[in-house]
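Listed below are the residues making up each chain.
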There are 2 protein chains.
Amino acid sequence: MEEHSLRTVFFISDGTGITAETLGHSLLAQFPDCRFRHVRAPFVDSLDKAHDCVRQIRAAALRDGRRPIVVSTLVNAEVVAALREADALYLDLFEQYIGPLESELGMRSTHTVGRFHGIAESEDYKSRIEAINFALAHDDGQSNAKLAESDVILVGVSRSGKTPTSLYLAMQFGVKAANYPLIPEDFERNKLPADITQHRNKLYGLTITPERLSQIRQERRPNSKYAALDNCRQEIEAAQRLMRREGIPFIESTTRSIEEISAKILQEVRINHSTY
Amino acid sequence: MEEHSLRTVFFISDGTGITAETLGHSLLAQFPDCRFRHVRAPFVDSLDKAHDCVRQIRAAALRDGRRPIVVSTLVNAEVVAALREADALYLDLFEQYIGPLESELGMRSTHTVGRFHGIAESEDYKSRIEAINFALAHDDGQSNAKLAESDVILVGVSRSGKTPTSLYLAMQFGVKAANYPLIPEDFERNKLPADITQHRNKLYGLTITPERLSQIRQERRPNSKYAALDNCRQEIEAAQRLMRREGIPFIESTTRSIEEISAKILQEVRINHSTY
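Residues numbered from 1 in each chain as written. Chains lettered and ligands numbered in written order. Predicted model: local features only at pLDDT ≥ 70, side-chain atom pairs only at ≥ 80, totals over all residues. Heavy atoms only, no water.

- Chain A appears in an unreviewed UniProt entry as Putative phosphoenolpyruvate synthase regulatory protein from Uliginosibacterium aquaticum.
- Quoted verbatim from the Function (unreviewed entry) field of the UniProt record, the comment on chain A reads "Bifunctional serine/threonine kinase and phosphorylase involved in the regulation of the phosphoenolpyruvate synthase (PEPS) by catalyzing its phosphorylation/dephosphorylation."
- UniProt annotates chain A under Sequence similarities (unreviewed entry) with the comment "Belongs to the pyruvate, phosphate/water dikinase regulatory protein family. PSRP subfamily." (UniProt positions renumbered as here; feature names shortened; annotations may be inferred.)

Encoded structure:
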């Protein structure tokens, strides 16, 4: 059947190719019945490299029996022209959008090759790296010393998704996220330590279903009390009670990706990282 | 001057908005002389929310004295139509590309709202979370137990960029990256431990300039021998000598972003994570 045959998709860029890939994945996700083979071709910044891509595109077309799809972010017109010698469906980001932007802004774009050129020295980039280091230093409640510096403090039971979410917030948005695990001691007191509650407006909770939590914990400590479904259920109930009592908003992480959780948190905590 | 006045850019999506932002940042980076104010509007999946965006776009136009730019990934045609009531330059990902893809693939797209819908259950997503946990467990040489499971092992002196790079490889690509710090003991022996060298084909080195390394280390341990420029220079020279001797390819991290370093490593280590 046409729907289930394999088609090759190339992500071609003169930079890292991450924009092309992000774009491409979003588009291809709209065609779940198709099977795609992904080929990444970053740093295509010369005619030689473009010709090499042309060879790969033609080989894929022969192998698949259908022409490939090329999602690209290419700035150099000569490289673009060289690439187009192969037969493919070309979806190029710059070609499509740079023209309208140039008219709108009343100026020519720089046509700078490589999206991340020079980005390592930018303030935005430095704040992202700083936020990653912050997340690592403030993971799992290991230090409450600099919580005042944090943009958000994630709370939740062990293995509810706090660490990957705080790393994603740092990496994608430069947001400094600490995290604090809710443990049986907190439940017994039914209140949070003062050095956490003094930052109440930064607190955001993650919760999870007992079944999923037990499954995740089983992978780490099989057949432990820690991983037992009953224990997970009790911890989650106690955590939700505590978060409600303390007025901490929380989100269910079971069926949400860290991207989705992070976007929700940013929206609700209203962190303003929008100028760079 | 036209070039230096502020213009508001909206990233509007029915999902997390991360694709729209990534796309938008790449495009706007081509206009370094312009100043943009970024407004993120994720989860715009109803007419009410679209109308709220329209109000925000109009307010921004009044404040800036020029119409905003809207970069969007919207699937629902009614939401798109509602949004277009405001005057702005609209750059919509789906509108532009879904049509050509539908013709090419000979099928309709699902028009599924929210890019990450259901992604949390996908194999790809699970492997990314697993890779993040792997990177955290194998950070800074803290465990060599499961190095055989790794896709890549980063080596380099302390603070050369191994940890953020391994986390980025995990988060973006689902690549399992361990890292091993090169320490004075390794330099004295002028060889690496056997449990590292047995995975020689996975080793990839990061290096950095002595000046930058000293600066980064100063922030952590001011006025220490660890941070002294002379000591940094010696460690880096010894590390590069060792990497050359062991035949480990390495890359300069000083002026490169973790995105760029990761893309280079993937390209050279030829990890095949290209089917999902």
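Read on, since the account is not over.
**Focus on the sheet that holds strand β4 (residues 89-92) of chain B**
Residues and elements named next belong to chain B.
Inference 1: Strand order across the open sheet formed by 4 strands is β2-β1-β3-β4, with parallel pairing between neighbours. The outermost strands of the open sheet, each flanked by one partner alone, are β2 (35-41) and β4. Averaged over all pairs of adjacent strands, the angle between their axes in this sheet comes to 20 degrees, without regard to strand direction.
Inference 2: Pairing of strand β1 (residues 6-13) with β2, which is carried by 7 bridges, proceeds in the parallel orientation. Pairing of Val-9 across the sheet is with His-38, part of β2.
Inference 3: Packing against the sheet, helix α1 (residues 18-28) makes contact with β1, β2, β3 (69-73) and β4, and its axis sits at approximately 150 degrees to β1. (Pairing = 2+ DSSP bridges. Helix = DSSP H or I, 4+ residues; strand = E, 2+ residues; numbered from the N terminus. Axes fitted to C-alpha atoms, helices over the stretch in contact; angles between N-to-C directions. Contact = heavy atoms within 4.5 Å.)

**Section: the UniProt feature "binding site: ADP" (unreviewed entry) in chain A**
Residue and element names in this part refer to chain A.
Inference 1: Following the UniProt record, the feature "binding site: ADP" (unreviewed entry) maps to Gly-156, Val-157, Ser-158, Arg-159, Ser-160, Gly-161, Lys-162 and Thr-163 here.
Inference 2: Within the secondary structure layout, Ser-158 lies in the loop between β5 (152-157) and α6 (162-173).
Inference 3: The residues touching Lys-162, leaving out its near neighbours within four places in the chain, are Leu-154, Val-155, Gly-156, Val-157, Asn-179, Tyr-180, Pro-181 and Leu-206.
Inference 4: A polar contact of 3.0 Å, which involves the side chain of Lys-162, links it to the backbone oxygen of Val-157. (Polar contact = N/O pair within 3.5 Å; in protein donor to acceptor, adjacent residues only side chain to side chain.)

**Re the relation of the copies chain B and chain A**
Inference 1: With an RMSD of 0.0 Å, chain B superimposes on chain A once it is rotated by 180 degrees and translated 0.0 Å along the axis. What the rotation and shift describe, once combined, is the action of a two-fold rotation axis.
Inference 2: Mapped onto chain A, 100% of the interface residues of chain B again fall at the interface, so both copies present the same surface. (Least-squares fit on C-alpha atoms with pLDDT ≥ 70 in both.)

**Regarding the sheet that holds strand β5 (residues 152-157) of chain B**
Residue and element names in this part refer to chain B.
Inference 1: Ordered by their spatial adjacency, 4 strands build an open sheet running β6-β5-β7-β8, and the pairing between neighbours is parallel. Looking at the sheet topology across the chains shown, the edges are occupied by β6 (177-182) and β8 (250-252). Each adjacent strand pair in this sheet contributes to an overall mean axis angle of 25 degrees, direction not counted.
Inference 2: As judged from the 3 bridges shared by β5 and strand β7 (residues 203-207), these two strands associate in the parallel manner. What sits directly across from Ile-153, in β7, is Leu-203.

**A closer look at helix α9 (residues 210-220) of chain A**
Given 3.6 residues per turn, any residue in an α-helix points the same way as the ones three and four places further on.
Residues and elements named next belong to chain A.
Inference 1: Every buried residue belonging to α9 is among Pro-210, Leu-213, Ser-214, Ile-216 and Arg-217, and all of these are buried. Each buried residue of α9 lies within a common arc of 165 degrees when the element is viewed along its axis, so the set occupies one face.
Inference 2: The secondary structure elements touched by the buried residues of α9 are β5 and α10 (229-246). (Buried < 20%, exposed > 50% of the residue type's maximum accessible area, 1.4 Å probe, protein only. Arc of directions from axis to C-beta.)

**Let's talk about the domain arrangement of chain A**
Inference 1: We note that the domain assignment places domain 1 (2-105) and domain 2 (121-269) within chain A.
Inference 2: In this structure, domain 1 of chain A and domain 2 of chain A have C-alpha centres spaced 38 Å apart. (Domains from an automatic or database assignment.)

**Side note on the pairing of β2(B)**
Moving residue by residue along a regular strand, the side chains alternate between the two faces of the sheet.
Inference 1: Counting buried positions along β2(B) gives 5 out of 7 residues, so the element sits mostly inside the fold.
Inference 2: Crossover β1(B) to β2(B) through α1(B) is right-handed. (Right-handed = clockwise from strand over helix to strand, strands pointing away.)

**A short note on the pattern of salt bridges**
Inference 1: Under the counting rule described, the total for this entry stands at 40 salt bridges over all chains.
Inference 2: A salt bridge links Arg189(A) to Glu185(A); the nearest nitrogen and oxygen atoms lie 3.5 Å apart. In this pair, Arg189(A) and Glu185(A) are both assigned in helix α7 (residues 184-189), 4 residues apart and thus about one turn of the helix distant.
Inference 3: Judged by relative accessible area, which is 39%, Arg189(A) ranks as partly exposed.
Inference 4: The partly exposed category is assigned to Glu185(A), whose relative accessible area is 48%.
Inference 5: The closest approach of N and O atoms between Lys126(B) and Glu123(B), which form a salt bridge, is 3.9 Å. In this pair, Lys126(B) and Glu123(B) are both assigned in helix α5 (residues 123-137), 3 residues apart and thus about one turn of the helix distant. (Salt bridge = Lys/Arg side-chain N within 4 Å of Asp/Glu carboxyl O.)

**Observations regarding the packing of aromatic side chains**
Inference 1: All chains considered together, the criterion is met by 3 aromatic pairs over all chains.
Inference 2: Considering the side-chain rings of Tyr168(A) and Phe173(A), the 6.3 Å spacing of their centres and the 80 degrees angle between planes classify their relative orientation as edge-to-face. The pair Tyr168(A) / Phe173(A) is uniform in exposure class, with both members buried.
Inference 3: Here Arg217(B) stacks its cationic end above the ring of Tyr226(B), 4.2 Å away from the centre of that ring. (Phe/Tyr/Trp six-rings, centres within 6.5 Å; stacked < 30°, edge-to-face > 60°. Lys NZ or Arg CZ within 6 Å of the ring centre and 35° of its normal.)

**Overview of unusual backbone geometry**
Inference 1: One non-glycine residue, Phe43(A), lies in positive phi territory at about 55 degrees.
Inference 2: Take Phe43(A): its relative accessible area is 8%, and that puts it in the buried class.
Inference 3: Residue Asn223(B) is not a glycine yet carries a positive backbone phi of 60 degrees.
Inference 4: Tracing the backbone through its elements, the reader meets Asn223(B) in the loop between α9 (210-220) and α10 (229-246).

**Concerning the side chain of Lys176(B)**
Residues and elements named next belong to chain B.
Inference 1: Tracing the sequence through the fold places Lys-176 in the loop between α6 (162-173) and β6.
Inference 2: A polar contact is formed between the side chain of Lys-176 and the side chain of Glu-130, at a distance of 3.1 Å.
Inference 3: A polar atom in the side chain of Lys-176 sits 3.4 Å from the side chain of Glu-149.
Inference 4: Those residues in contact with Lys-176 that sit more than four places away from it in its chain are Glu-130, Ala-131, Phe-134, Glu-149, Ser-150, Asp-151 and Val-152.

**Here we look at the interface of chain B and chain A**
Inference 1: On the side of chain A, 79 residues touch chain B, which itself brings 79 residues to the contact.
Inference 2: Of the roughly 7,600 Å² buried at the junction of chain B and chain A (both faces included), carbon and sulfur atoms supply 66%.
Inference 3: On the surface where chain B and chain A come into contact, there are 6 salt bridges.
Inference 4: With its nearest N and O atoms 2.7 Å apart, the salt bridge here joins Arg67(A) to Glu104(B). (Buried area = accessible area lost by both parts, 1.4 Å probe.)

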